[in-house]
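Each chain, letter by letter, is given below.
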Amino acid sequence: MSDLIGTLTSYVPTLIAHRLAVDPTPIGEPASEQFPAAVLFADISGFTALTEQLAQRGPVGAEEITHLLNTYFDQLIELITNHGGDIVKFAGDALIALWPATDESGLPATAQLPTVTRQAARCSLVARQRLNAYEVTPGIRLSLKLALSAGEVLTMHLGGEYGRWEFLVTGNPLVQVGLAGKHARPGDVILSPAAWALVDEIAVGSPLLAPPQSADVSSNHEPREILLRDIREPLVSGEDVAGLSRTRPVLPAVTEPGLKAYIPGAILARLAAHQSGWLAELRRVTILFVNLPDLDYSMPLEQAQAVMRTLQAALYRYEGSVNKLSVDEKGVILIAALGLP
């Protein structure tokens, strides 16, 4: 695999890399796929204080922020991939990872969902042990808030305006990790009821307190999120988990257009200029948060494609860039920026 293909592959989820390994033809039509998976949401706590402190130092501070976050994220990424996870989204100072439940041939297999959920739970506990209250610079510590769920996940490939495609991951597990994450404090690992049901035989946890009693008394009897405290089975060591990793396939040069379709133009321009080492900078930009509450796993693919294509066309007309599509209990949020290079 060439250096360029290796670099481009590092910008996309392993799910997309495997898709191109099977068929290197660049995507030309919207597509969707549904499969069972464990979903982990990892949110870094302390990032705002770090940014405020270092931003006062101007460009040097921006470089330092990049270096410190890379150092922290590198360790988290390695833990997730070594435990078989696939990082599918970055959301500022947070990330979303999937553990697809598949059989030996790579096809969806619900029977494997308990196994991958337990792997994700083990990964969460190791991450908490190694990266909580982690001092990245004197006086500044970063911690993790972790939320885990499991169930049917839907992925969509949407857009195509000027050849740029967006990868959307949605489904009830994404909603559940959003809800569970709201209960998490730094150092917590919170499991949704669906995830806890898959690990309770080997796990130690305690239910979170129910909200104050409301007029709808029945809601207080619904399953609650669980604070995960320990796994009764020994945690898997770094050497033992090597075989669980979802290794990225070795892609041929013909996959270059297919990879570029998922990478923002601002990044492609840097890579074309041989600036693969990202240059941190302070830049005045305008940010748009567009809430799309109806764009979820119940929306037909054709309708979701129409929404995304319309948004892309409007943004690109004014030289905007789609930064990401994120999902929580409020639905899909499109984050766009105007003023990037």
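Residues numbered from 1 in each chain as written. Predicted model: local features only at pLDDT ≥ 70, side-chain atom pairs only at ≥ 80, totals over all residues. Heavy atoms only, no water.

Engineer: Could you give an account of the overall build of the protein chain, with specific residues and numbers?
Structural biologist: Across its full length, the protein chain holds ten helices and twelve strands. For the protein chain, the C-alpha radius of gyration of 20 Å lies close to 20 Å, the compact-globule estimate for 341 residues. On the principal axes, the C-alpha backbone points of the protein chain span a range of 55 × 50 × 50 Å. Residue burial in the protein chain is summarised as follows: out of 341 residues, 47% are buried. Taking contacts inside the protein chain between residues at least 6 apart in sequence as the whole, the part at least 24 apart equals 73%. Roughly 16700 Å² of accessible area belongs to the protein chain as shown, and the carbon and sulfur atoms make up 54% of that amount. (Helix = DSSP H or I, 4+ residues; strand = E, 2+ residues; numbered from the N terminus. Rg over C-alpha atoms; globule rule 2.2 N^0.38 Å. Buried < 20%, exposed > 50% of the residue type's maximum accessible area, 1.4 Å probe, protein only. Contact = heavy atoms within 4.5 Å. Areas by Shrake-Rupley, 256 points an atom, 1.4 Å probe, with all protein chains shown as cover.)

Engineer: Please provide a residue-by-residue account of the pattern of salt bridges, values included.
Structural biologist: Overall, the coordinates contain seven salt bridges when judged by the stated rule. Between Lys145 and Asp43 there is a salt bridge, with the nearest N and O atoms lying 4.0 Å from each other. Taken together, the positions of Lys145 in strand E5 (residues 140–159) and Asp43 in strand E1 (residues 31–45) put the pair 102 residues apart, joining distant regions of the chain. For Arg118, the salt bridge identified is with Glu201, shortest N-O distance 3.7 Å. Here Arg118 is found in helix H5 (residues 113–131), whereas its partner Glu201 is found in the loop between helix H7 (193–199) and strand E8 (203–207), with 83 residues between them in sequence. (Salt bridge = Lys/Arg side-chain N within 4 Å of Asp/Glu carboxyl O.)

Engineer: Go over unusual backbone geometry, please, and point to the residues and values.
Structural biologist: Most of the time, phi is negative for any residue but glycine, and the peptide bond is trans. In this model, Ala133 sits at a positive phi of 55°, which is unusual for a non-glycine residue. Secondary-structure assignment places Ala133 in the loop between H5 and strand E4 (134–137).

Engineer: I'd like a description of H5, backed by residues and values.
Structural biologist: The end-to-end C-alpha separation of H5 is 26 Å, in line with the 27 Å expected for 19 residues at 1.5 Å each. Just beyond H5, the residue with positive phi is Ala133, at close to 55°. (Expected span 1.5 Å × (residues − 1).)

Engineer: Describe the confidence of the model for the protein chain, naming the residues involved and giving the relevant values.
Structural biologist: Model confidence for the protein chain is summarised by a mean pLDDT of 86, while 90% of its residues fall at 70 or above. Scored below 50 in pLDDT, residues 212–219 shows four contacts in the model against residues more than four places distant or in partner chains. Below pLDDT 50 for its whole length, residues 237–245 participates in eleven contacts with residues either more than four positions away or in separate chains. (pLDDT = per-residue confidence, 0-100.)

Engineer: Got a sec to walk through the nonpolar core? Specific residues and values, please.
Structural biologist: With 51 residues, the main nonpolar core has Leu98, Val153, Leu168, Tyr262 and Leu334 as its most contacted residues. In terms of nonpolar packing, the next biggest core, distinct from the first, is built from 46 residues, Leu68, Ile80, Val116 and Val136 among them. (Core = buried A, V, L, I, M, F, W, Y, C linked by side-chain atoms within 4.5 Å.)

Engineer: Quick one: what's the story with the packing of helix H4 (residues 59–82) against H5, residue by residue and with numbers?
Structural biologist: When two helices pack together, their arrangement is given by the angle between their axes and by how far apart the axes lie. One way to put it is that H4 packs onto H5 with a least axis distance of 10 Å and a crossing angle of 155°. By the criterion of interaxial angle, the relationship of H4 to H5 is roughly antiparallel. The element H4 and its partner H5 pack so that their crossing is right-handed. Residue-level inspection shows Tyr72, Gln75, Leu76, Leu79 and Ile80 of H4 in contact with H5, the latter providing Cys123, Val126, Ala127, Arg130 and Leu131. Among the residues forming the contact of H4 with H5, the class breakdown is eight nonpolar, one polar and one charged. (Axes fitted to C-alpha atoms, helices over the stretch in contact; angles between N-to-C directions. Parallel < 35°, antiparallel > 145°, perpendicular 65-115°, else oblique. Left-handed = near helix turned anticlockwise from the far one by under 90°. Nonpolar A, V, L, I, M, F, W, Y, C, P; charged D, E, K, R; others polar.)

Engineer: Outline the pairing of E1, listing residues and values.
Structural biologist: As judged from the 15 bridges shared by E1 and E5, these two strands associate in the antiparallel manner. Each residue of the ladder has a partner; that of Phe35, found in E5, is Val153. (Pairing = 2+ DSSP bridges.)

Engineer: If you had to explain the environment of Arg141 to someone new, which residues and values would you point to?
Structural biologist: By the secondary structure assignment, Arg141 is in strand E5. The sequence separation of Arg141 and Gln53 amounts to 88 residues, and the corresponding C-alpha distance is 12 Å. Contacts of Arg141, omitting those with residues within four sequence positions, involve Ser45, Gly46, Ala133, Tyr134 and Glu135. For Arg141, the side chain forms a polar contact with the main-chain oxygen of Ala133, separated by 2.8 Å. (Polar contact = N/O pair within 3.5 Å; in protein donor to acceptor, adjacent residues only side chain to side chain.)

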